[in-house]
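Close look at the chain arrangement
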Amino acid sequence: MEAELVRIAILGIIAAICVVIISGKNPEMGMILGLIFGVIALMIAFGKAGTIVKTLEDTISSSGIDAKLLVPLLKITGMAYITQFSVDVCKDVGQNAIAGKIETVGKIMMLVVAVPIVTSLINIISSIL
Amino acid sequence: MNVDLIFKIAAIGILVSILNVVLTKSGREEMAMMTTLAAVVVVLLMVAKEIVKLFDTVKALFGF
């Protein structure tokens, strides 16, 4: 894990310097370089993140909580990562309006996924009362 | 992981900016613009594939 972090850190510094060098003559290439660094860094990170999800699933299944409550939670986490990545890219390019729209769509879609959890909570409360 | 993609794109960027300067100095502005455009398209094609791969990884990881 530390080796990956060191690798990404050094790669990031080199990529940043390359972006500065390239952006002087053609800024769009610099933007794309920054984008591809983000993609590769996240790919390496998510390649290692599988153990976290597995541990979470095991803990939930052994603790007796309904396993289908975890699915929307994980889904929303993934959606948040995708939304954040796209918003960051759009902001880097300077398109704040498009970034805001992506953010709004992400929020709405996350709410749609979260509705079953809310309804199950309401069901639990109404069964107690 | 294909880290060398970063260096590939950086090399393309530097090469194209040099080409851009040479072509502009020799009075071929439209050629320089075409070169820049072609380079951006080629690099975007490479990047688009990686973005799809990243989103697929996220989807598989979080069980979409």
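Residues numbered from 1 in each chain as written. Chains lettered and ligands numbered in written order. Predicted model: local features only at pLDDT ≥ 70, side-chain atom pairs only at ≥ 80, totals over all residues.

1. Structural notes on the environment of Thr59 of chain A
- Checked against the element boundaries, Thr59 of chain A lands in helix α3 (residues 50-63).
- The sequence separation of Thr59 of chain A and Ile82 of chain A amounts to 23 residues, and the corresponding C-alpha distance is 25 Å. (Helix = DSSP H or I, 4+ residues; strand = E, 2+ residues; numbered from the N terminus.)

2. Re the interface of chain A and chain B
- In this complex, chain A contributes 31 residues to the contact, which on the side of chain B involves 29 residues.
- Sorting the residues of the side of chain A that touches chain B by element identifies α1 (2-23), α2 (27-48), α3 and α4 (70-93) of chain A as the ones contributing at least two each.
- Counting residues per element, the side of chain A that touches chain B draws most heavily on α2 of chain A, which supplies 14 residues.
- Across the side of chain A that touches chain B, the residue classes break down as 23 nonpolar, 5 polar and 3 charged. (Contact = placed C-beta atoms within 7 Å. Nonpolar A, V, L, I, M, F, W, Y, C, P; charged D, E, K, R; others polar.)

3. Here's the deal with the packing of helix α1 (residues 4-25) of chain B against helix α2 (residues 29-61) of chain B
Residue and element names in this part refer to chain B.
- Following both chains from N to C, one finds α1 and α2 inclined at 170°, their axes separated by 8 Å at the closest point. Taken as axis vectors, α1 and α2 run roughly antiparallel relative to one another. Together, Leu5, Ile9, Ile12, Val16, Leu19, Asn20, Leu23 and Thr24 of α1 and Glu29, Met31, Ala32, Thr35, Thr36, Ala39, Val43, Met46 and Glu50 of α2 make up the contact between the two elements.
- Partitioned by chemical class, the residues of the contact of α1 with α2 number 11 nonpolar, 4 polar and 2 charged. (Axes fitted to C-alpha atoms, helices over the stretch in contact; angles between N-to-C directions. Parallel < 35°, antiparallel > 145°, perpendicular 65-115°, else oblique.)

4. Let's talk about the nonpolar core
- Core analysis: the biggest nonpolar cluster contains 24 residues, and Met29, Ile32, Leu33, Ile36 and Phe37 of chain A together with Ile6 and Ile9 of chain B have the highest contact counts within it.
- Mapped onto this core, the elements with two or more residues apiece are α1 and α2 of chain A together with α1 and α2 of chain B.
- The leading source of residues in this core is α2 of chain A, at 10 residues.
- Look past the residues within four positions of Met29 of chain A in its chain and what remains in contact with it is Ile22 of chain A together with Gly13, Val16, Ala39, Val40 and Val43 of chain B. (Core = buried A, V, L, I, M, F, W, Y, C linked by C-beta atoms within 7 Å. Buried ≥ 20, exposed ≤ 12 C-beta atoms within 10 Å, placed from the backbone.)

5. Brief notes about the packing of α4 of chain A against α2 of chain B
- Packing of α4 of chain A against α2 of chain B brings their axes to within 9 Å, and their N-to-C directions diverge by 165°. If you check the angle between α4 of chain A and α2 of chain B, you find them roughly antiparallel. Handedness of the α4 of chain A/α2 of chain B crossing: right-handed. In contact with Gly78, Tyr81 and Ile82 of chain A of α4 of chain A, α2 of chain B contributes Phe55, Val58, Lys59 and Leu61 of chain B.
- For the contact of α4 of chain A with α2 of chain B, the residue count by class is 5 nonpolar, 1 polar and 1 charged. (Left-handed = near helix turned anticlockwise from the far one by under 90°.)

6. Remarks on the domain arrangement of chain A
Residues and elements named next belong to chain A.
- The domain boundaries assigned to chain A delineate domain 1 (1-48) and domain 2 (51-129).
- Spacing between the C-alpha centres of domain 1 and domain 2 amounts to 27 Å.
- The interface is formed by 5 residues belonging to domain 1 together with 4 residues belonging to domain 2.
- Partitioning the side of domain 1 that touches domain 2 into residue classes produces 3 nonpolar, 2 polar and no charged. (Domains from an automatic or database assignment.)

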